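Now for the letters of each chain:
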Amino acid sequence: LSSASGVRSMQVWTNNGTWYRPSGVKTIMVTVTGAGGGASGYGEGGGSGGTAQRQLDVTNVSSVNVSVGNPGSGTSYSGCGGGGNSSSFGSYCNASGGIGANCSQNRAGGYGGNGSGGSLNVYGGGGQAHHTRSSVGGPSYWGGNTAAGHPQGGNFSHNHQGHAAPGSGGTSGYFSGFRGANGRNGMIVVYEFY
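In this text, all values refer to a predicted model and were calculated from it rather than measured experimentally. (Residues numbered from 1 in each chain as written. Predicted model: local features only at pLDDT ≥ 70, side-chain atom pairs only at ≥ 80, totals over all residues. Heavy atoms only, no water.)

Side note on the nonpolar core
Counting residues in hydrophobic clusters, the biggest one holds 18 residues, and the most contacted among them are Trp19, Ile28, Val30, Phe89, Ile188 and Val190. Elements with a contribution of two residues or more to this core: β3 (27-33), β4 (51-57), β5 (63-67), β7 (93-95) and β10 (187-193). Residue contributions to this core peak at three residues, all from β3. The residues touching Phe89, leaving out its near neighbours within four places in the chain, are Trp19, Ile28, Val30, Val32, Leu56, Val64, Asn65, Val66, Ile188 and Val190. (Core = buried A, V, L, I, M, F, W, Y, C linked by side-chain atoms within 4.5 Å. Buried < 20%, exposed > 50% of the residue type's maximum accessible area, 1.4 Å probe, protein only. Helix = DSSP H or I, 4+ residues; strand = E, 2+ residues; numbered from the N terminus. Contact = heavy atoms within 4.5 Å.)

As for a nonpolar patch on the surface
A grouping of Met10, Val12 and Tyr191 is seen on the molecular surface, where their side chains present a nonpolar patch of about 270 Å² in accessible area. With respect to the element layout, Met10 can be found in strand β1 (residues 7-13). Residue Met10 is classed as partly exposed on the basis of its relative accessible area of 47%. (Patch = residues over 30% accessible without salt bridge, like charges linked within 9 Å, V, L, I, M, F, W, Y side chains within 5 Å. Areas by Shrake-Rupley, 256 points an atom, 1.4 Å probe, with all protein chains shown as cover. Salt bridge = Lys/Arg side-chain N within 4 Å of Asp/Glu carboxyl O.)

Section: the sheet that holds β7
Pairing is antiparallel across the open sheet formed by five strands, whose spatial order is β2-β5-β6-β7-β8. Strands at the two margins of the open sheet, each flanked by one partner only, are β2 (17-20) and β8 (115-116). (Pairing = 2+ DSSP bridges.)

Some points on the packing of aromatic side chains
On inspection of all chains with the given rule, the structure shows three aromatic pairs. With centroids separated by 6.2 Å and ring planes inclined at 40 degrees, the aromatic side chains of Phe89 and Tyr92 adopt a geometry described as tilted. A relative accessible area of 0% means that Phe89 is categorised as buried. A connected cluster of aromatic rings, assembled from ring pairs, spans Trp19, Phe89 and Tyr92. Its guanidinium or amino end placed over the ring of Tyr77, Arg107 lies 5.3 Å from that ring's centre, counting from NZ or CZ. (Phe/Tyr/Trp six-rings, centres within 6.5 Å; stacked < 30°, edge-to-face > 60°. Lys NZ or Arg CZ within 6 Å of the ring centre and 35° of its normal.)

So, to be careful, I would describe these as geometric facts and stop short of saying anything about function.
Written out as structure tokens, the structure is:
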């Protein structure tokens, strides 16, 4: 009888946990993305989390701790948005979170985090600056961010901050009275092979 080969399964984490090696799995492909940074309330978007990707031989590995970063909070007016936290797959690879808006420089968007320990390490996208009143946050490896709002929509971006890809940065509020959107949680995806 020939042994099984190819893809066995996929596991996805949006919260902390533990990866356990399924029976027969010899190799995995791990993608780790950090959380996004928060936006300001008036024209600056948060940076997105970085991403690391790595293939691992897990023949002699039974389990790995999985840590998924929490996002940075959006803020009002010209405050510094919260920074996204890093995500990691044990000691194998890590991805830092995006920087919050207005934190590295006044009126500037937050810059993206970066991956480390992977065969592929990618920076997350940076948030837009104050040149528009509702600046979008940085896109992540997984896709785009929250839609930009308008005064008639009030706290539109903040209210719809869940409609964005994992790891993306928050989109800003339109006027100083509107709150910027939070960044998005990080994510870890593991493809498992026989």
